[in-house]
Amino acid sequence: MDTSAAEQQKAMLEQPHNGAIQSSDGWEWYIKPKQRSGKQSGKKNVPVVPCMENEVFRQYYIAQRVVPQAEFDAFYSILQTPLPVAVRINDSKSCSRELRARIASSGKFSAIEWFPHDLAWQCESKLLCTEPGLKSELDAASAGGFLSFQEAVSMIPPLLLDIKPEHLVLDICAAPGSKTMQCLDMMHTEVENSDEPLRLCHKGVVIANDIDTRFIPGCRTKKLGATSALITIGNAGKFPPLFEEDPSSPVAADAPPVHKQLLYDRIVCDVPCSGDGTMRKNPEIWRTWEPEYPLKLHVRQLKILLRALHHLKEGGVLSYSTCSLNPIENEAVVLAALRALHPAVAVCCPPEHLQDAMHTVARY
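I will try to describe carefully the structure that is included in this document. Everything numeric in this text was worked out from a predicted model, so none of it was measured.

1. Observations regarding helix α2 (residues 55–64)
Here comes step 1: Taken as a whole, α2 has its buried residues at F57, R58, Y60 and Y61. End-on view of α2: buried residues confined to an arc of 170 degrees, all on one side of the axis.
Here comes step 2: Elements that come into contact with the buried residues of α2 comprise α3 (72–79) and α11 (285–288).
Here comes step 3: The N-cap residue of α2 is N54: its side-chain oxygen and the backbone nitrogen of V56 are 3.1 Å apart.
Here comes step 4: Of the residues trailing α2, R65 is marked for its positive phi of about 55 degrees.

Spelled out as structure tokens, the structure:
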């Protein structure tokens, strides 16, 4: 850190704050006041500044070989930089083209090159600190449902599913709802581009499930104007089967209707995880990270994935993802599921029209 940056940080921390403040370099610094019973102690607030260094983490991931050895130092240094702010334009909105042109002409954003039709853009996080007018404009567009603040990597799982207007989609761990919104947007965008009458195209539904009622994306679906969303609250590892009447099954006039289990064309399975892939936006993880935590999550993650796969229609596609770098939470979970359900499930390639884009993601 250079002298001017150090002085700026010192001055910032000497100011009395409660909660989070954001510096001009884009990092959030957390200030926690000392709590005492009875009278106020009169002491200054105590700054809790995350140290972006963890040798145990470093050695662990060197051993895991998550990147080639020659690239590890560059990978590690990137983890110590703030995450860019990314936005995704909701293409189902009528003014999406105008909004895209406005963002492009501002000169402050760069397009995320692997996302189709220039609908995803990003800028340095510090830009929103130094230009409050820009942040207010983006917040207003988000409140109106015209765009969504969504991390770039979060956009990949729905993109891989190649969702169509007639699909039945399950987002089994939906919080905070950004992937649900993207699924709905993809479904309605296909409808708008279809030659069929709209009343015939709106056959698809997105079911968003989560166990935590605080993060259910109901209000977000209203912003998009989506009428094809259903919100459920429950444990993803125990997500129950749903049933519908089977019109193809002949029954006697006095017999009850025959039901069949509802199976899904596409499933988003973004499971709870250790979150160590979010260090760039949650620097506190540098201090709290420990190698044992993923071991506690592996069984839960596998249970959710197996449950989701049992709800998948034959020929359907599921995307499994986490916010973790750890192979115990990623490759090991997928391999265990493949072994448990072989030969009923298999790993598949991205849709053909996205394969070049996915090669770009691998280098992103």
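2. Focus: the packing of α2 against α3
Here comes step 1: The interhelical angle for the contact between α2 and α3, taken along N-to-C directions, is 140 degrees, at an axis separation of 11 Å. It follows that α2 is oblique to α3 by the angle criterion. Between α2 and α3 the crossing geometry is right-handed. Across the interface between the two elements, F57, R58, Y61 and I62 of α2 pack against F72, D73, Y76 and L79 of α3.
Here comes step 2: Residues that form the contact of α2 with α3 fall into these classes: 6 nonpolar, no polar and 2 charged.

3. Topic: the sheet that holds strand β7 (residues 147–149)
Across a sheet, strands are paired by hydrogen bonds formed along the backbone, either parallel or antiparallel in direction.
Here comes step 1: With respect to topology, 4 strands assemble into an open sheet ordered β5-β6-β4-β7, the strand pairing being antiparallel. The sheet is open, and its two borders are formed by β5 (110–111) and β7, each paired with just one other strand.
Here comes step 2: Pairing of strand β4 (residues 85–89) with β7 involves 3 bridges; the strand directions are antiparallel. Pairing of I89 across the sheet is with L147, part of β7.
Here comes step 3: Against the sheet, helix α4 (residues 96–105) makes contact with β4, β6 (120–123) and β7, and its axis sits at roughly 150 degrees relative to β4, the strand it touches most.

4. Notes on the pairing of β4
Here comes step 1: Among the 5 residues that make up β4, 5 are buried, leaving the element largely enclosed by the rest of the structure.
Here comes step 2: Burial of the side chains of β4 extends over both faces: V85, V87 and I89 are buried on one face and A86 and R88 on the other.
Here comes step 3: Taken together, the 4 bridges between β4 and β6 define a ladder with antiparallel strand orientation. In the strand pairing of β6, A86 is matched with Q122.

The rules behind each value
Sequence positions are assigned chain by chain, starting from 1 and proceeding in written order. Residue-level local features of this predicted model are given only where pLDDT is at least 70; pairs of side-chain atoms are given and counted only at 80 or more, and the full residue set underlies all totals for whole chains, interfaces and linings. Side-chain measures were taken over the full set of non-hydrogen atoms in the model, leaving aside hydrogen atoms and water. Relative accessibility decides the category of a residue: with a 1.4 Å probe and only protein chains considered, values under 20% of the type maximum give buried, values over 50% give exposed, and everything between is partly exposed. Helix and strand assignments come from DSSP, with helices taken as H or I runs of at least 4 residues and strands as E runs of at least 2, each series counted from the N terminus. By arc we mean the arc of the directions from the helix axis to the C-beta atoms, nothing more. Any two residues having at least one pair of non-hydrogen atoms within 4.5 Å are treated as being in contact. What qualifies as a polar contact is a pair of N or O atoms within 3.5 Å, subject to a donor-acceptor requirement within protein and to the restriction that residues adjacent in sequence count only when both atoms come from side chains. Angular values range over 0 to 180 degrees, each being the angle between N-to-C directions of two axes fitted as lines to C-alpha atoms, with helices fitted over their stretch in contact. Between 65 and 115 degrees an angle is taken as roughly perpendicular, under 35 as roughly parallel, over 145 as roughly antiparallel, and anywhere else as oblique. Handedness of a helix crossing follows the sense of rotation of the near helix relative to the far helix, less than a right angle counterclockwise being left-handed and clockwise being right-handed. Residues are grouped as follows: Ala, Val, Leu, Ile, Met, Phe, Trp, Tyr, Cys and Pro are nonpolar; Asp, Glu, Lys and Arg are charged; all remaining types, including Gly, are polar. For two strands to count as paired, DSSP must find a minimum of two bridges between them.

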